[in-house]
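Report on the structure
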Amino acid sequence: MANFDHTFDVVIVGSGGAAMGTALGAVDEKLSVVMLEGTDKWGGSTAMSGGGMWLPNNPLMQRDGVADSREAALTYMEECVGSDYRATSRARKEAFVDSVGDLVHTAEKYGVKFVRAAEYPDYYPELPGGRIGRAIEVKPLDSKVLGEWYDTMRLTAPLPIMTDDVWLIQRAWSTWAGFKRGASLVRRMLGFVATGKRGVGIGAAFATAFFQAVVAKGGAQLWLDSPAEELIVEDGRVVGVRITRNGRTETVGATRGVMLAGGGFDRNDEMRREHHGIDQESSGNPGNLGVPISLGERAGAALELMDDAWWGASIDGAGDSDPSFIVGERALPYSIMVDQHGERFANEAESYVDLGHHMLEHDKDGAYWIIGDARHARRYMRTYAIDPRANKALKAEGKLAQAKSIEELATKLSMDPARLRATVDRFNGFARAGIDDDFARGKSAYDRYYGDPSVVPNANLGPLEKGPFTAYRVVIGDLGTKGGVVTDEFARALREDGSVIEGLYSAGNNSASVMGRTYPGPGSTIGPAAVFGLRAARFMASAG
Ligand SMILES: Cc1cc2nc3c(=O)[nH]c(=O)nc-3n(C[C@H](O)[C@H](O)[C@H](O)COP(=O)(O)OP(=O)(O)OC[C@H]3O[C@@H](n4cnc5c(N)ncnc54)[C@H](O)[C@@H]3O)c2cc1C
């Protein structure tokens, strides 16, 4: 075997959810392990994220007595994911569902504390096997445990928030439940501050807790500024990685295997244009450039789902600033989304991946707008509308318009006023009747999760009738890409002919998703990323 500058049992490219899941398994199997992070910040999109993990039939549900089963989970996945791809095979779905318990129990063994997002439905809860409350997340915790590693975490939300806070707080001043949740968040924040702690929640809580588990307690190493640039292959087996570290090339040998967990190609403009045909407006980690996907491909791995992503509507950013991914706002009453002609084109409240697909199908190059009336602005916290400086810049760039009437707004948006008026009148009729005859907005429990129950007869509909009316420009954004290396049920990289590339594994957005083209429930990316990472490590340990 070649001489390496360093040697570990398991070498992981990346430091997000897939990497942490792999490291957890390696630590638990008493294997030596290093996570190589290409940038100066660790945690990837995972640390920036909502931190939710869709883990059907998980131990927390069992402890709470919430009905679920392996069969229900698999039935649901077959219904909404299908089996059209190697990534979505029955064997991989079973592998995912069957290792949920292992992930949760192993993480708990190393001190990770989870809570359920008990009210969050699957994204198609009415399908056979659909449920409410399958997602879990790491409980908010004190990030001071990280010491100086805190400064290098890819942190975007340094608050001890939780998933179910987000949708309730949006209506903190329009509903009692929202107000109570807002007050409980303030209490939680003060509780951390009063005890000298620095609370973090959602994705940052995941990163903090898993870092503690695998690095601080488990002895895994994490190297920053260490991009993987080449795989080292000997006699057809991947045996290590060539990296740049401290300005020089170093080699890292892997006796058990190399895990490619370097995320998607979210921010690689060239790859985005090639595979998606649009300029990227991603909310993903800036370091996700797709290099580890290319490394897998160069080693002979098959790729799948490269034309897809975890799409979603996003408010266009001012200047060079990133777009703002929107979820709850477009489901709340007194608002609609329209295309450049002033026509609705989809159920605004549907899952983000579905809405993204609909935007792509409808007009992938066109402009879209979210229009709300005065009540939408007054009653609900719209994350994209909070910063007055951003609003000013958006207005100057023509990405935000306001007007006293729908007709005047249409003129400002270069739309035919009569056409937008007709769209609004039709929608207002649906709102009064409580049934959206065009797109069934508000029919699914998923839509209603983000709705306002104080608005009747439909919590997702409310007529647009009170000016001023506001329009924000919406683009096709995403939370990252979902195509990559084809893997089997142990996350082993596969060639086009189905044979295994010895020593090479991939998980998370570096690999083609077990969720195929859809998004079954909250946390459908981080859940499988961590589970398949863990499975890979277990396999590496058993394979010797
Ligand atoms: C705002 C936001 C909210 C989200 N909320 C959720 C949610 O609640 N639930 C959910 O399931 N998903 C959510 N997502 C999506 C989710 O965050 C990602 O799909 C997931 O974190 C991907 O995990 P990963 O481990 O594959 O990649 P990442 O977490 O992105 O980690 C990949 C890491 O690899 C590094 N890397 C890249 N190239 C190299 C290289 N050559 N060498 C070494 N390192 C390299 C990157 O810098 C990065 O740190 C959200 C995303 C965003 C942006």
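Refer to the structure printed above.
Residues numbered from 1 in each chain as written. Predicted model: local features only at pLDDT ≥ 70, side-chain atom pairs only at ≥ 80, totals over all residues. Heavy atoms only, no water.

Further remarks concern the environment of H362. In this fold, H362 is placed in helix 11 (residues 352–363). According to the relative accessible area criterion, H362 is partly exposed, its value standing at 39%. Along the chain, H362 and A390 lie 28 residues apart, while their C-alpha atoms are 28 Å from each other. Reaching out from H362, the side chain makes a polar contact with the side chain of D339 at a distance of 2.8 Å. (Helix = DSSP H or I, 4+ residues; strand = E, 2+ residues; numbered from the N terminus. Buried < 20%, exposed > 50% of the residue type's maximum accessible area, 1.4 Å probe, protein only. Polar contact = N/O pair within 3.5 Å; in protein donor to acceptor, adjacent residues only side chain to side chain.)

Next up on the list: the packing of aromatic side chains. For the structure on display, the rule yields 23 aromatic pairs. Taking 5.7 Å as the distance between ring centres and 15 degrees as the angle between the ring planes, the aromatic pair formed by W176 and F179 counts as stacked. Of this pair, W176 and F179 both sit in helix 7 (residues 176–194), separated by three residues, roughly a single helical turn. The partly exposed category is assigned to F179, whose relative accessible area is 47%. Ring geometry for W310 versus Y519: centroids 5.2 Å apart, planes at 85 degrees, classification edge-to-face. Within this pair, whereas W310 is found in strand 13 (residues 309–315), its partner Y519 is found in the loop between strand 21 (500–506) and helix 17 (526–543), the two being separated by 209 residues in sequence. The pair W310 / Y519 is uniform in exposure class, with both members buried. Here a set of aromatic residues connected by ring pairs shows up, and it is made of Y120, Y123, W310, F325, Y352, Y446, Y449, Y450 and Y519. (Phe/Tyr/Trp six-rings, centres within 6.5 Å; stacked < 30°, edge-to-face > 60°.)

Okay, the site of the ligand next. Around the ligand, a shell composed of 37 residues is seen, among which E37, T46, N288, T525 and I526 lie nearest. A distance of 3.0 Å separates a nitrogen atom of the ligand from a polar backbone atom of G52. In the environment of the ligand, an oxygen atom lies 2.8 Å from a nitrogen or oxygen atom belonging to the side chain of N288. Contributing elements (two or more residues each) for the shell around the ligand: helix 1 (17–28) and helix 2 (44–48). It is helix 2 that contributes the most residues to the shell around the ligand, four residues altogether. Among the residues forming the shell around the ligand, the class breakdown is 11 nonpolar, 25 polar and one charged. (Near = heavy atom within 4 Å. Nonpolar A, V, L, I, M, F, W, Y, C, P; charged D, E, K, R; others polar.)

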